[in-house]
Amino acid sequence: MASSSLPYFLLFISASYAAAATSFRPHALVIAVSKDASTLQYLTTIHQRTPLVPVKLVVDLGGRFLWVNCDGNYVSSSYRPVRCGSAQCSLVRGLGCEACYSAPRPGCNNKTCVLPLDNTVTRIGTVGELDSDVVSVKSTDGSNPGRVVSVSKFIFSCGPTLLLEGLAGGAIGMAGLGRTKIGLPSQFASAFRFHRKFGICLSSSTAANGAVFFGCGPYRLLPGIDASLSLTYTPLFINPVSTATFSSGNEPSAEYFIGVKSVKINEKAIKVNTSLLSIDNEGIGGTKISTVDPYTVMESSIYKAFTKAFISAAAAMNITRAAAVAPFSVCFSSKNVYSTRVGPSVPSIDLVLQNKSVFWRIFGANSMVYVSDKVLCLGFVDGGANPRTSIVIGGKQLENNLLQFDISTSKLGFSSSLLFRRTTCANFNFTSNP
């Protein structure tokens, strides 16, 4: 379901992004992404406000927009609330006007646009004020970070302190990369007039950063490998019903869904109710990609068939079971599991897409989690009998894979494991060019 390039943003592009139209116009941007050891959340830091301050955020692939906590210590001379009834408010389907019963401050102003926002980690939803302020990030040539560039009126929402519950230590908001008009990819594309396309490359290490690229490739990883040149493509689908905790009603989901047709273990298809793999009229079912779920979550009947087939295939490789270790229900002894370039030597997993020749193969580095020196577990969890989405591909399965999301053409490019190419997502050179 392709959408037009940028016309919906032209309503206020000239006013919102005047300061971005400098003599230097970047072709792409890059932000570093770290992995929090405690929560397994993926974090980034952008610079916001005047004067600029670093703002640590949880990366939310399907999040609708940027929100930050404004309670108490938000100080900026360039902060502006968005008025209700304005073009910006209409564009984001604002819920109406806010009434503030205290002295005006960021996040609490009269006659300003309010919209629904949520913490997608805890599934807490509330409302927040729509605002704008300066945001600065680094440009890139695809090999290194370059000059810092700024957007003068970047649209975001002020969220209350209660939304910080469950976020990694130091995080004061979430960076939404979803397919909305004010998601980070669309705002940056509008500001600098590049394609509504972005790539994510998550590191598996808590000690080395991965990256998110806004704009087209190249996405070069040491030693000089352009990971964008070896992608397989599949359509992205729009769930017509919002999957957010709290939404304004008749709006589609901002999350990224792909069309998984079947699942294979060691190239043998497992038997599942295939109707669960499609999105129905109420927005139930299908497969989405998430950075806030640390592991892939499957509807119970799919999970049971999947683990049964995996256990059988592992037994055929002389891999023996071990006691379960929460949150995992399927674990193995590491005794007969050998190391390979792509991780532990365990059965392969294929997510078969639009046809049998297009599949996302998951190897041991992305399927298994070592819980001790002697035990490793299958990094997939049971999502219950009636989840909103049948398969949620989580962060563990995304690590050291390059994923490129083309919002304009509704297309996903995926690399499968970069370990086969002797590189990782931690190999982007964050040493800045002069």
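Here we summarise the structure given alongside this text. (Residues numbered from 1 in each chain as written. Predicted model: local features only at pLDDT ≥ 70, side-chain atom pairs only at ≥ 80, totals over all residues. Heavy atoms only, no water.)

A word on the nonpolar core
Consideration 1: Judged by nonpolar contacts, the single largest core of 74 residues is most densely connected at Phe188, Phe198, Phe214, Ile289, Trp360 and Phe405.
Consideration 2: In terms of residue count, helix α4 (residues 300-316) provides more of this core than any other element does, seven residues in total.
Consideration 3: With 19 residues, the next largest nonpolar core counts Phe65, Cys113, Leu163 and Leu167 among its residues. (Core = buried A, V, L, I, M, F, W, Y, C linked by side-chain atoms within 4.5 Å. Buried < 20%, exposed > 50% of the residue type's maximum accessible area, 1.4 Å probe, protein only. Helix = DSSP H or I, 4+ residues; strand = E, 2+ residues; numbered from the N terminus.)

Quick word on the sheet that holds strand β25 (residues 349-352)
The strands that make up a sheet are held in pairs by hydrogen bonds between backbone atoms, and each pair lies either parallel or antiparallel.
Consideration 1: Taken in spatial order, the four strands line up as β18-β17-β25-β26 in an open sheet, and their pairing is antiparallel. The open sheet is flanked by β18 (268-269) and β26 (359-362), the only strands paired with a single partner.
Consideration 2: With four bridges connecting them, β25 and β26 associate as antiparallel partners. For Leu351, the partnering residue across the bridge sits in β26 and is Trp360.
Consideration 3: Contacting β17 (262-265) and β25, α4 runs over the sheet at an angle of about 20° to β17. (Pairing = 2+ DSSP bridges. Contact = heavy atoms within 4.5 Å. Axes fitted to C-alpha atoms, helices over the stretch in contact; angles between N-to-C directions.)

As for α4
Consideration 1: The terminal C-alpha atoms of α4, which comprises 17 residues, lie 24 Å apart, in line with the 24 Å expected from a rise of 1.5 Å per residue.
Consideration 2: Listed as buried for α4 are Ser300, Ile302, Tyr303, Ala305, Phe306, Thr307, Phe310, Ala313 and Ala314.
Consideration 3: Asn318 sits one or two positions beyond α4 and adopts a positive phi of about 65°. (Expected span 1.5 Å × (residues − 1).)

Here we look at the packing of aromatic side chains
Consideration 1: One pass over the structure, following the stated rule, counts 18 aromatic pairs.
Consideration 2: Taking the centre distance of 6.4 Å and the plane angle of 25° together, the rings of Phe192 and Phe194 count as stacked.
Consideration 3: On the accessibility criterion, Phe192 (2% relative accessible area) is buried.
Consideration 4: Here a set of aromatic residues connected by ring pairs shows up, and it is made of Phe154, Phe188, Phe198, Phe214, Tyr256 and Phe405. (Phe/Tyr/Trp six-rings, centres within 6.5 Å; stacked < 30°, edge-to-face > 60°.)

Honestly, that's just the spatial picture; any functional story needs more than this.
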